Amino acid sequence: MTNSIVNRAFTVAVAAATILWSVGFAALVPQQASAASYGNLIKGTTLSTVYYYGSDGQRYSFPNEKTFFSWYSDFSGVVTMSDSELANITLAGNIAYRPGSRWIKITSDNKTYAVARNGSVRWIESEDAAKGLAGDDWNKNIDDVPDVFFVDYSV
């Protein structure tokens, strides 16, 4: 009977050592849960910049509040995480206006564009075309995008 207990204890010890060796001791230590999950809005503690945490594990910044509000009505869903945790998430780019929400133009060009999918924009070629698409108040639905962020769109 003593032999049987010793054999079982030895077998359990070998199995445990094999598991620890193959998966590593860290696999058995509970990890701190991330403050955010994919699809969340996130920000650090120091800066006010809000990011979208993509399903690709990267973060995308909203260049300004107007862009943010084309997607969301308020900041209530933003999850704050430590600056070091935020820094560990790769910054992949900027978010463009939500398609169909607003028209945009840049300060160095008088052309007005409608935002389509994937950051593409379509030039509204005339005032008559604009009125046909959005009515007489068409010019009240336009935001200026700083030139530096216009590279986030494709014409």
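Being a predicted model, the structure only gives us computed values, none of them experimental.

Rules behind the numbers
- Residues numbered from 1 in each chain as written.
- Predicted model: local features only at pLDDT ≥ 70, side-chain atom pairs only at ≥ 80, totals over all residues.
- Heavy atoms only, no water.
- Helix = DSSP H or I, 4+ residues; strand = E, 2+ residues; numbered from the N terminus.
- Contact = heavy atoms within 4.5 Å.
- Buried < 20%, exposed > 50% of the residue type's maximum accessible area, 1.4 Å probe, protein only.
- Pairing = 2+ DSSP bridges.
- Core = buried A, V, L, I, M, F, W, Y, C linked by side-chain atoms within 4.5 Å.
- Axes fitted to C-alpha atoms, helices over the stretch in contact; angles between N-to-C directions.
- Salt bridge = Lys/Arg side-chain N within 4 Å of Asp/Glu carboxyl O.

1. Observations concerning the environment of Ala-114
- Considering the arrangement of structural elements, one finds Ala-114 in strand β7 (residues 112-115).
- When the C-alpha atoms of Ala-114 and Ala-130 are compared, they prove to be 9.6 Å apart, with 16 residues separating the residues in sequence.
- When neighbours within four sequence positions are excluded, Ala-114 is seen to be in contact with Trp-103, Ser-120, Val-121, Arg-122 and Ile-124.

2. Some words on unusual backbone geometry
- Phi is positive for Asn-118, which is not a glycine, with a value near 55 degrees.
- Here Asn-118 lies in the loop between β7 and β8 (121-124).
- A relative accessible area of 76% places Asn-118 in the exposed class.

3. Observations regarding the pairing of strand β6 (residues 103-106)
- Residue alternation in β6 divides its side chains into two sets, Trp-103 and Lys-105 and Ile-104 and Ile-106, and both sets are buried.
- Relative to β7, β6 is paired through two bridges, and the arrangement is antiparallel. Bridging from a neighbouring strand, Ile-104 pairs with Tyr-113 of β7.
- In this antiparallel pair of consecutive strands, β6 and β7, the connection spans five residues.
- Strand direction decides the pairing type here: β6 and strand β9 (residues 142-145), joined by four bridges, are parallel. Residue pairing in the sheet places Ile-106 in a bridge with Val-145 of β9.

4. Some details on the nonpolar core
- Counting residues in each nonpolar core, the largest one holds ten residues, listed as Ala-96, Tyr-97, Ile-104, Ile-106, Tyr-113, Val-115, Val-121, Val-145, Phe-150 and Tyr-153.
- Elements represented by at least two residues in this core include exactly β6 and β7.

5. Concerning the sheet that holds β6
- An order of β8-β7-β6-β9 is seen for the four strands of this open sheet, with the pairing classed as mixed. Each edge of the sheet is formed by a strand with only one pairing partner; in this case those strands are β8 and β9. Across the sheet, the axes of successive neighbouring strands diverge by a mean angle of 40 degrees, strand direction being ignored.
- The pairing of β7 with β8 spans four bridges and is classified as antiparallel. Looking at the pairing, Val-115 lines up with Val-121 of β8.

6. Concerning the pattern of salt bridges
- Under the defined criterion, the tally for this structure stands at four salt bridges.
- Arg-102 is the salt-bridge partner of Asp-143, the closest N and O atoms lying 2.8 Å from each other. With Asp-143 in strand β9 and Arg-102 in the loop between β5 (91-94) and β6, this pair connects stretches of sequence that are 41 residues apart.
- Judged by its relative accessible area of 7%, Asp-143 is buried.
- Measuring nitrogen to oxygen at the nearest pair gives 3.5 Å for the salt bridge that ties Lys-105 to Asp-144. Of this pair, Lys-105 sits in strand β6 while Asp-144 sits in strand β9, placing them 39 residues apart in sequence.
- The exposure class of Lys-105 is buried, given its relative accessible area of 16%.

It is worth stressing that arrangement in space is one thing and function is another; only the former is reported here.
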